[in-house]
Amino acid sequence: MSEALETDVVIVGGGNAGFTALHAATERGRRVVLLEAGTPDLAGGNSYYTAGATRITHNGLDDLRDWLEPDERWATSIVPPYSADDYRADLAKVTEGRNDPELTEVLVAEVTDTLKWLHGKGLKYRLMYERQAYERPDGSYLFWGGLHVGNVGGGEGLIADHTRAAVEAGADLRYGHRATELIHENGRVVGVRATGPEGELEVRAESVILTAGGFEANPELRREYLGEGWENAKVRGTPFNQGDMLRAALELGAGRGGDWETCHSVQWDAFLPENESNRELTNRLTRQSYPLGIIVNREGKRFLDEGADFRNYTYAKYGREILRQPGSVAWQVFDAKLRPMLRVEEYDMPGISVEQANTIEELAEKIGVDPAALSETVRDFNASIDRSKTFDPTVKDARRADTTPPKSNWAAELETGPFYAYGVTCGITFTFGGLKSDTSGRVLDESGEPIAGLFVAGEMLGGLFSKNYPGGSGLAAGVVFGRRAGALA
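- Per an unreviewed UniProt entry, the recorded name for the protein chain is FAD-dependent tricarballylate dehydrogenase TcuA, and the organism is Gulosibacter faecalis.
- One UniProt comment on the protein chain, placed under Cofactor (unreviewed entry), says "FAD".

Shown next, in the form of structure tokens:
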């Protein structure tokens, strides 16, 4: 059985970028059909699995009060300003200068106003105390790392708010519909074909906006583009991002944008049986307090600088470092002094992969690592710490461990039992390669000319990220370029 629809705009993918494009289009009076591969209980794309953190520019807490949910802790909180220059510099730093300069300028210039616009449509935001601030001895809070604001209710709240606004605007939301093909006639894209619960669906429209994510849930494509071993990574988010619409656009002659050889990947619970696409635990399966301790592999050796920078600037590249280790597994190690500082929502979650012991040697035995090797690693680490510096996780404290590899900041002696080891592997979030577009989301062909009727936003838009990623800039890019695409479609 087949069905045919006609509308003004069809959007493929019901995550943060797709819904933002929908809001922009319906605001202009456009009729919108949104196709989402997931059924209502599996919808929301990768956005559902996030913590909702969004990197914006601002001048400090006074600049945010009018549109964030109030919190009694504001009175004792320090929220450092985060300028446009800071944003540009962070993107250039973590991508090693491979970020597209024109896309970057638009993102930096428009992200804060776009969040305020979404707030006006009912999306709720707050300061992220539990993820982006430490409570100091005097009871005050200092935010760090340039990432301060997130959705109320995390990714689940983000998608619930988006959906409510879309329904209120009268959009046609079609769940369980997987887009399979772009319809191209007379030199322009005029619709999409999809399969759904009732069979085939053809939606004809003046404009098609692709917001269906990358190819991170497809093991074969991961191996093809990211390299051998990537088929073993765990999928953090939606299982529906298989790369179908990327391939459909490329078959029409769309140009590739960004870095197709790297991705966003994090340290992820290694041994929980349900450690892929977990709708209940979502982002709680990440392990992001690693800058406070050390990370060792199966040989009991450290292999990266845990304190190279704030977590926001290293977490998205350290997943691939875990993947390269024997068995694609490692352990984050902390002692009793550090344990209370770990993120509660991640390190106290049900079923967490953790071992605990009163001595380092006993801990090594529990995790299957040679006790002598782990003991030597910890001894060398402890002995190399610069004790002239004070340990302070709210700043880059230069408390260095001068060993191999060095730890540049936050080196704290592991000496007080009990000791803890959290098993981690590589969790893939999204792929950085996508479609080439202009700054308004119009998909460009290989010669740089727009493909009439075709737009892109979200993780399908290539060009902003390479090798690494500043935390919160993915949701930021989704709203900025989703809004721009919806404003033209």
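There is more to say after this.
1. So, the overall build of the protein chain
Move 1: The number of helices and strands found in the protein chain is twelve helices and 22 strands.
Move 2: Against the 2.2 N^0.38 benchmark of 23 Å for 489 residues, the protein chain shows a C-alpha radius of gyration of 23 Å, consistent with a compact globule.
Move 3: Overall, the C-alpha framework of the protein chain stretches about 70 × 50 × 40 Å when taken along its three principal axes.
Move 4: With 489 residues in all, the protein chain has 61% of them scored as buried.
Move 5: Put simply, 74% of the contacts in the protein chain that link residues at least 6 apart link residues at least 24 apart.
Move 6: Accessible surface, the protein chain as shown: approximately 18,300 Å² in total, 46% of it carbon and sulfur.

2. Topic: the sheet that holds strand 3 (residues 53–54)
Move 1: Overall, antiparallel pairing links the three strands, which are arranged 3-8-5 in an open sheet. Edge positions in the sheet fall to strand 3 and strand 5 (125–127), since each of these pairs with one other strand and no more.
Move 2: Here strand 5 runs beside strand 8 (residues 149–151); their pairing, made up of three bridges, is antiparallel. Considered in strand 8, the bridge of Arg 126 is made with Gly 150.

3. Remarks on the UniProt feature "domain: FAD-dependent oxidoreductase 2 FAD-binding" (unreviewed entry) in the protein chain
Move 1: As annotated by UniProt and renumbered to match this structure, "domain: FAD-dependent oxidoreductase 2 FAD-binding" (unreviewed entry) occupies residues 8–473.
Move 2: As annotated, residues 8–473 has a helix share of 24% and a strand share of 23%, and its two end C-alpha atoms lie 30 Å apart.

4. Observations regarding the pairing of strand 22 (residues 450–456)
Move 1: The buried fraction of strand 22 amounts to five of the seven residues, a majority that puts the element mostly inside the structure.
Move 2: Where strand 12 (residues 199–210) meets strand 22, three bridges bridge the pair, whose relative direction is parallel. Across the sheet, the residue bridging to Leu 210 is Val 456, located in strand 22.
Move 3: Counting the residues that bridge the hairpin from strand 21 (residues 442–444) to strand 22 gives five residues, and of these Gly 448 lies at a positive phi of roughly 95°.

5. Some details on the nonpolar core
Move 1: By size, the foremost hydrophobic cluster in this structure holds 132 residues, and its most contacted members are Leu 107, Leu 127, Leu 182, Val 208, Leu 210, Leu 435 and Phe 481.
Move 2: In this structure Leu 127 touches Leu 61, Leu 64, Leu 68, Trp 74, Val 79, Phe 143, His 148 and Val 149, once residues within four positions along its chain are discounted.
Move 3: Counting residues in hydrophobic clusters, the runner-up holds 15 residues, among them Ile 11, Val 32, Ala 171 and Ile 209.

6. Digging into the sheet that holds strand 4 (residues 77–78)
Move 1: The sheet built from three strands is open, its strands ordered 4-7-6 with mixed pairing. The sheet terminates laterally at strand 4 and strand 6 (133–135), the two strands that pair on one side only.
Move 2: Relative to strand 7 (residues 141–143), strand 4 runs parallel, the two being bridged by two bridges. By the bridge assignment for strand 7, Ser 77 is matched with Tyr 141.

7. Examining the side chain of Asn 46
Move 1: Looking at the secondary structure, you find Asn 46 in the loop between strand 2 (32–36) and strand 3.
Move 2: Engagement of the side chain of Asn 46 in a polar contact is seen with the side chain of Glu 459, the distance being 3.1 Å.

8. Focus: the pattern of salt bridges
Move 1: Considering all chains together, one arrives at 39 salt bridges under this definition.
Move 2: Between Arg 55 and Asp 90 there is a salt bridge, with its nearest N and O atoms 3.6 Å apart. With a gap of 35 residues between them, Arg 55 in the loop between strand 3 and strand 4 and Asp 90 in helix 2 (residues 84–94) connect regions that are remote in the sequence. You'll find Arg 55 and Asp 90 in the same group, each marked buried.

9. Quick notes on the packing of aromatic side chains
Remark: the centre distance and the inter-plane angle together describe each pair of aromatic rings, the angle taken between the planes.
Move 1: Evaluated as defined, the whole model comprises 22 aromatic pairs.
Move 2: When the centroid spacing of 5.3 Å and the interplanar angle of 50° are considered together, the rings of Phe 215 and Tyr 225 count as tilted. With Phe 215 in the loop between strand 12 and helix 6 (219–226) and Tyr 225 in helix 6, this pair connects stretches of sequence that are ten residues apart. Across the pair, exposure class does not vary: Phe 215 and Tyr 225 are buried alike.
Move 3: Grouping aromatic residues by their ring pairs yields a cluster made of Tyr 315, Phe 430, Phe 432, Phe 465 and Tyr 469.
Move 4: For Arg 483, the ring lying beneath its charged end belongs to Trp 117, and the centroid distance is 4.2 Å.

Rules used throughout
- Residues numbered from 1 in each chain as written.
- Predicted model: local features only at pLDDT ≥ 70, side-chain atom pairs only at ≥ 80, totals over all residues.
- Heavy atoms only, no water.
- UniProt positions renumbered as here; feature names shortened; annotations may be inferred.
- Helix = DSSP H or I, 4+ residues; strand = E, 2+ residues; numbered from the N terminus.
- Rg over C-alpha atoms; globule rule 2.2 N^0.38 Å.
- Buried < 20%, exposed > 50% of the residue type's maximum accessible area, 1.4 Å probe, protein only.
- Contact = heavy atoms within 4.5 Å.
- Areas by Shrake-Rupley, 256 points an atom, 1.4 Å probe, with all protein chains shown as cover.
- Pairing = 2+ DSSP bridges.
- Core = buried A, V, L, I, M, F, W, Y, C linked by side-chain atoms within 4.5 Å.
- Polar contact = N/O pair within 3.5 Å; in protein donor to acceptor, adjacent residues only side chain to side chain.
- Salt bridge = Lys/Arg side-chain N within 4 Å of Asp/Glu carboxyl O.
- Phe/Tyr/Trp six-rings, centres within 6.5 Å; stacked < 30°, edge-to-face > 60°.
- Lys NZ or Arg CZ within 6 Å of the ring centre and 35° of its normal.

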